[in-house]
Amino acid sequence: MIPVLLVTVPLLAAAGLLVPAARRVVRGYGLAVSGLVLGLSIALAATFDYARPAAVQAEVDVAWTPGLDLRFHLGVDGISLPLVVLTALLTALCFVYLAGRPSRRMRALTVALLVLEAGMLGTFVALDLLLFFVFFEVVLVPMYFVIAVWGGPGRRAAAVKFILYTLLGSAVLLLGLLLIWAQTGTLDMVDLARTHGSGMSRGAQILAFVAVAGGLAVKAPMWPLHTWLPDAHTEAPTVGSVLLAGVLLKMGTYGLARVAVPVLPQGAEAVAPWLGAFAVIGIVYGSLACLAQRDLKRMIAFSSVGHMGFVLLGFATLTPVGMNAALFGNVAHGLITGLLFFLAGGVKDRYGTSDMTRLGGGMLGRLPYLGSLLTFAAVASLGLPGLAGFWGEMLALLGAFSPGAGLSRPLYLVFMAIGGLGTVLTAAYFLVMLSRVTHGRPDARWRDARLPDVTGYELAAWSPLVALTLVIGLWPKSLLLVTDPAVRVLLGVVP
Amino acid sequence: MGLVALVVGLPFAGALIGIFAGRRAAPYLAVIPTGAALLISAWLAYAQAAAGPREATLTLVETGSVPISVSLGLDGLSALVGVLVTVVATAVQTYSIGYMRQEPRYASYAAFISLFTSAMLLVVHAADLLVLYVGWEVMGFCSYALIGHFWEDRANSRAAIKAFLVTRLGDVGFLFGIFVLGISAGSFRIGDVLAAVPAMSPGTLVAATLLLVAGVAGKSAQVPLHTWLPDAMAGPTPISALIHAATMVAAGIFIVARLYPAFVAAPPTLDLLAVLAALGMLGAALAALAADDLKRVLAYSTVSQLAYMAAGLAAGTRDGAVFHLLTHGAFKALLFLCAGAVIHAVGSNLMTDMGGLRRGLPVTFPAMTIGFAALMGLPPASGFFSKDVIIAVTEHTAGGEGAPLTIWIAWLVYGVALVTVAVTAAYSTRAWLRTFFGVRRPDLAAHEGPASMVVPIAVLAVPALLLGFAGLPFAGLRPDLPSSLLSVGASLAGAVVVWTAWRRDPESDPARVLGPLRPAAEQAFYVDRAYHALFVRPVAALARLTVRADDRVVDGAVRGSGRTAVGAGGLLRRLQAGNAQAYVTGVLAGVLIITVGVVVLR
Amino acid sequence: MHVVYPAVVAALLFSVGVYGVLARRNAILVLMSVELMLNAVNLNLVAFDVWLRDRLHGGQVLTLFVIVIAAAEVGVGLAIVLAVFRNRRTVDVDRLRDLGEPEPVGASPGEPEPVGGGPDGRAGDAA
């Protein structure tokens, strides 16, 4: 029941805003709806049976299109539950942020964000391949509008590139899904995961995996299919960047966990070395590109490429620890990069620019709270143990150290070494960024500017992310407890 | 075991509350939790001597492969090092109350010191390698935050970044070493790993220990990852005492001591460790002899003394190395705190600005003298006992007993250790003379700091002087007559050379005895410049290249596909010329082709 | 008379008409050529109607349809040509290209313009 509500409540609320009578949107409407959805997701987490995380729970399974054998099948298990809560949380925090800093055309923005939320939640609770695809696509249109209408100076080009590129990926993904359907005769994810691809020949599996993973890789993003990301993130407004980085990127990797690897194991085994290679190239490439960036948001965008590289490396190892790492890294990246984009948005709102050379330095002196939060987020993102980012990276490297059967060990050891170097480069660019922005003396050009420090709304929007980063970092078991049994079942590993 | 958790947790709580509490509560939040941890550590050290080692697990974290056990342990090594850490931390926190009196950001400074203390205690007491790694890295972060405490000056920020990145590079290797050990043993618990060492193949052991040495080299500032330590002196002096003398840098030595059975079973690693130690020992000592900044002298001295400990471990004495770790922690922290008092009185770090201070600083002068005596290894100061153990062991190993070192490497270490004793004495004497003797600057009215600064100095002077005697009950830690005569002799020789050079011309720097080596020693043998050229500049160039390639090649392909699509559309557009007759011609041609096709191909 | 005679004549007339439609520039001449084609078709229909001895005379009936439609079409067509002449002072078909695609000017409308926020220098200008 709750998954259906999670999807329909935002949609109905958005539809409610579209009636002409709602010309003046009630203040706090979006906040109330997203708060309600967050409450629903927390209720879902509370009623989840933690003794059986591998089993699908809160299941809804009704016939949708009997002629095509499509079913409206929703449910959560240990893999999707953290992502559902993360999505609801980030959307609610976006609305809290907007409550304190309202944007123009608030009604349209609220509609877009609510539809976006419905699509994101639907992707994570869908258990039918085509239903998953429908929700996967649904998020593209509102995000396009968010970027194109409320974005920065280069928003038109960035939005067009975003939507066309990801649509191309989705088209390829659809071909893969249809191939799976044609070969196995079923679209149900749970059944497909159970059979572990026994209905498909090896060649068909490889082809399907290339199509599915290729389409998802655009979303993830995997090098070299990542170039839509920097522009989209830089030009998007703050809430757009947060949701784009915090949730939309997760949809790609979640698809890998849910659809590609369990359903197509032989295909995964054949293609995994390539996936791993592109992943580690992305790690190093993203880090190097960050080192040379001048724009703060663009730098954080490239850092996402690096972090998702670790997630993809985790998948490429085809081991339970690797997949745990990937799912952990997903949630951690959502929290930390969401926080980073919030902070970058705060910086841009105050200074009017996110160009680091124009910002000057000395933020710790001028805006101590904002500077300290930025330091915290940067340190969390570079993977300091004790904060959420570390466990995903470390477990991915551990997975690469002893990859799954059938994979070349020396190759994966090379991946591990390169990934390790990547962590050093990650630390380098974040610390250099902190030095440029927060250290030193405040620049003279901002001396007379009015620069308020963190406001109450911003604090309310950001502190849950800070708290969760700390809690998950200090107590990784909170996530691993839920994902590990589900991962083992999906990979067919007997615990 | 709950007490051990308290030892680790109290400073952490102090840090967490201290971040949010104001400046007024900060001194209490700084000293009280750390002091309490000190008392508990002391009691634990006493209690465990009777009860023996124990450990307790809070929970097991399933990762998908080898699980992580969140567990803490207590044994002789961790108890002793825990006491050292808490003693120095409490002394530093007390000292900082006076030293940082004027500092508006004192609250965050004290909180970071508490967090650091907690992390180091976690390293000491962790019974699981990954839990240890968490503390290991958090220490590195606190070091970054504290070195860069005066971030208004970007040079401090750069020094902090350098420290973090160099140690992080070592930490990557350290993590990989943990992986090797953990996967081979099937568990990350230290006890399980050590139990599995006899069953591991030599290749695995050598690989694991070599990777661990990378982390050790980073954290303990050994060659080739030592370059961050001299620059780390940009931070406030008390933290140089805590982090860069007594605790964080000792963590590398601690981990080798902790996993010693694994290292002993991997002779190639011991050889490498010995060579690196020999290089670091002598090179750093020569650099200390040429440095003008008093803190840099002490920093290079730390690198050199840590190399001593590493050499001791390589030569086969775990207890001797730990003994030197403890005495060095005491006397180096003492030296740094005294240096802080001197710098506080003079207002400058450079020894050229000092001189003739022995009358103005009645507590600091004798304390620092004791510290230098310990550093030089003169009896009865503690340094004599611990250094002598190491020299004796290297001599025995060169003779063929002890650790399985290659013979020529053992002789190299022994010889270099003796030469370093002389150079150590030389730079210690030089620093002592140039600071306290000679002519004082006329405008200077030097005086001691407040009681909060003087008391820790006085307190630390006691173990710096007497700790050596605590080793007498243990057979391996007693002075060995032939080697002690040799080392004291070498030490006195070095001191005499510098003293005569100074006597001849009190104004100029006795470092001139280095002769042609002096410019190289001042630049620390150009290692920094080499690293900058080999690593920093190429990476920056590679970064710029990546951005350009991303825009031109990767994104160029994307934009190119768009242009191709538009171009293809442009070609098709030519068909739509607007000329109706052209359209009809096309229709006719199509009809003809279809008709011919149907008729011909029937 | 064998049907081949009218068939050949119809074909010749049709070809003349096709030539006129495709190659003449004057719009009125194009319309006249269309008429020629239609009348050639009429001839063909009647000839075959007779040759096949169709009882329902479908061919001749269809011919009547075609005559009517041709008349209507020529009326409308000439009206359009007159209107075009009044507006453009020409009935040259080659010069009436408004239904065609215009040539692109610089970057074509569908292509995204070069993105702001490239390496180093340009990001600052965009901000």
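Residues numbered from 1 in each chain as written. Chains lettered and ligands numbered in written order. Predicted model: local features only at pLDDT ≥ 70, side-chain atom pairs only at ≥ 80, totals over all residues. Heavy atoms only, no water.

The name an unreviewed UniProt entry assigns to chain C is NADH-quinone oxidoreductase subunit K, from the organism Bailinhaonella thermotolerans. Annotation of chain C in UniProt includes, under Catalytic activity (unreviewed entry), the sentence "a quinone + NADH + 5 H(+)(in) = a quinol + NAD(+) + 4 H(+)(out)". (UniProt positions renumbered as here; feature names shortened; annotations may be inferred.)

In the nomenclature of an unreviewed UniProt entry, chain B is known as NADH-quinone oxidoreductase subunit L of Bailinhaonella thermotolerans.

If you check the domain split of chain B, you get domain 1 (266–511) and domain 2 (534–601). The C-alpha centroid of domain 2 of chain B is placed 74 Å from the C-alpha centroid of domain 1 of chain B. (Domains from an automatic or database assignment.)

In this assembly, 44 residues from chain B lie in contact with 59 residues from chain A. Taking both partners together, chain B and chain A bury about 4,300 Å²; carbon and sulfur atoms supply 75% of that area. The tally of links from chain B across to chain A stands at 2 salt bridges. The partner of lysine 161 of chain A in a salt bridge is aspartate 555 of chain B, and the shortest N-O contact between them spans 2.8 Å. One can count 16 residue pairs in polar contact (both at pLDDT 80 or more) joining chain B with chain A. When residues of the side of chain B that touches chain A are traced back to their parent elements, those giving at least two are strand S1 (54–61), helix H5 (129–147), helix H6 (154–185) and helix H22 (527–573) of chain B. Here the element with the most residues in the side of chain B that touches chain A is H6 of chain B; it accounts for 13 residues. (Contact = heavy atoms within 4.5 Å. Buried area = accessible area lost by both parts, 1.4 Å probe. Salt bridge = Lys/Arg side-chain N within 4 Å of Asp/Glu carboxyl O. Polar contact = N/O pair within 3.5 Å; in protein donor to acceptor, adjacent residues only side chain to side chain. Helix = DSSP H or I, 4+ residues; strand = E, 2+ residues; numbered from the N terminus.)

Time to look at the side chain of threonine 420 of chain B. Residues and elements named next belong to chain B. With respect to the element layout, threonine 420 can be found in helix H18 (residues 407–436). Separated by 2.5 Å, the side chain of threonine 420 and the backbone oxygen of valine 416 make a polar contact. Sequence-distant contacts of threonine 420, that is, excluding residues within four places in its chain, are made with Met281, Leu282, Ala285, Ser304 and Tyr308.

Counting 399 residues, the largest nonpolar core has Phe162, Met433 and Trp462 of chain A as the members making the most contacts within it. Ranked by the residues each element gives to this core, the list is headed by helix H14 (residues 320–351) of chain A, at 18 residues. Residue contributions to this core reach at least three from each of two domains, namely domain 1 (266–511) and domain 2 (534–601) of chain B. Beyond its immediate chain neighbours, meaning those up to four positions away, phenylalanine 162 of chain A contacts Leu140, Met143, Tyr144, Ile147, Trp228, Ala232, Leu244 and Leu248 of chain A. Core analysis: the next-biggest nonpolar cluster, separate from the first, contains 8 residues, Phe384, Val393, Leu477 and Val488 of chain B among them. (Core = buried A, V, L, I, M, F, W, Y, C linked by side-chain atoms within 4.5 Å. Buried < 20%, exposed > 50% of the residue type's maximum accessible area, 1.4 Å probe, protein only.)

Okay, the layout of surface pockets next. The computed volume of the second largest pocket comes to approximately 1,500 Å³. Along the wall of the second largest pocket there are 39 residues; nearest its centre are Ala428 of chain A together with Ile161, Leu165, Phe535 and Val536 of chain B. The biggest single contributor to the lining of the second largest pocket is H22 of chain B, with 11 residues. Of the residues that constitute the lining of the second largest pocket, the class distribution is 25 nonpolar, 4 polar and 10 charged. (1 Å grid on protein atoms, 1.4 Å probe; cavity = no way out; pocket = protein on both sides within 12 Å on 5 of 7 lines; lining within 4 Å. Points joined across faces, edges and corners; volume = space filled by probe spheres on them. Nonpolar A, V, L, I, M, F, W, Y, C, P; charged D, E, K, R; others polar.)

Following the criterion strictly, the structure yields 36 aromatic pairs over all chains and no others. An angle of 55 degrees between the planes, with centres 5.6 Å apart, marks the rings of tryptophan 223 of chain A and tyrosine 285 of chain A as tilted. Of the two residues, tryptophan 223 of chain A sits in the loop between helix H9 (202–219) and helix H10 (228–235) while tyrosine 285 of chain A sits in helix H12 (residues 265–291), which places them 62 residues apart along the sequence. There is no split in this pair, since tryptophan 223 of chain A and tyrosine 285 of chain A are both buried. Clustering of aromatic rings is evident, with ring pairs tying together Phe390 and Trp391 of chain A together with Tyr133, Trp136 and Phe174 of chain B. (Phe/Tyr/Trp six-rings, centres within 6.5 Å; stacked < 30°, edge-to-face > 60°.)

Turning to the UniProt feature "transmembrane region" (unreviewed entry) in chain C, a few remarks are in order. Residue and element names in this part refer to chain C. UniProt tags residues 6–22, 29–52 and 64–85 as "transmembrane region" (unreviewed entry). The annotated region residues 6–22 carries 100% helix and 0% strand content, and the separation between its end C-alpha atoms amounts to 24 Å. Here residues 64–85 is 100% helix and 0% strand, with 31 Å between the C-alpha atoms at its ends.

With that settled, the discussion passes to the interface of chain C and chain B. Taken together, the 21 residues of chain C in the interface contact 14 residues of chain B. For the chain C and chain B pair, buried surface summed over both sides reaches about 1,600 Å², with 57% attributable to carbon and sulfur atoms. Linking chain C to chain B there are 0 salt bridges. Viewed at the interface, chain B and chain C are joined by 3 residue pairs in polar contact (both at pLDDT 80 or more). In terms of residues, the side of chain C that touches chain B owes the most to one element, helix H1 (residues 4–23) of chain C, which gives 4 residues. Looking at side-chain class alone, the side of chain C that touches chain B contains 11 nonpolar, 3 polar and 7 charged residues.

All right, on to the packing of helix H4 (residues 106–125) of chain A against helix H6 (residues 140–150) of chain A then. Residues and elements named next belong to chain A. Two elements in contact, H4 and H6, have axes separated by 9 Å at closest approach and are oriented at 150 degrees. Relative to H6, H4 is oriented roughly antiparallel. Viewed along their axes, H4 and H6 form a crossing whose handedness is left-handed. Residues Ala108, Leu109, Ala112, Val115 and Leu116 of H4 form the contact with H6, whose participating residues are Pro142, Met143, Val146 and Trp150. For the contact of H4 with H6, a count of residues per class yields 9 nonpolar, no polar and no charged. (Axes fitted to C-alpha atoms, helices over the stretch in contact; angles between N-to-C directions. Parallel < 35°, antiparallel > 145°, perpendicular 65-115°, else oblique. Left-handed = near helix turned anticlockwise from the far one by under 90°.)

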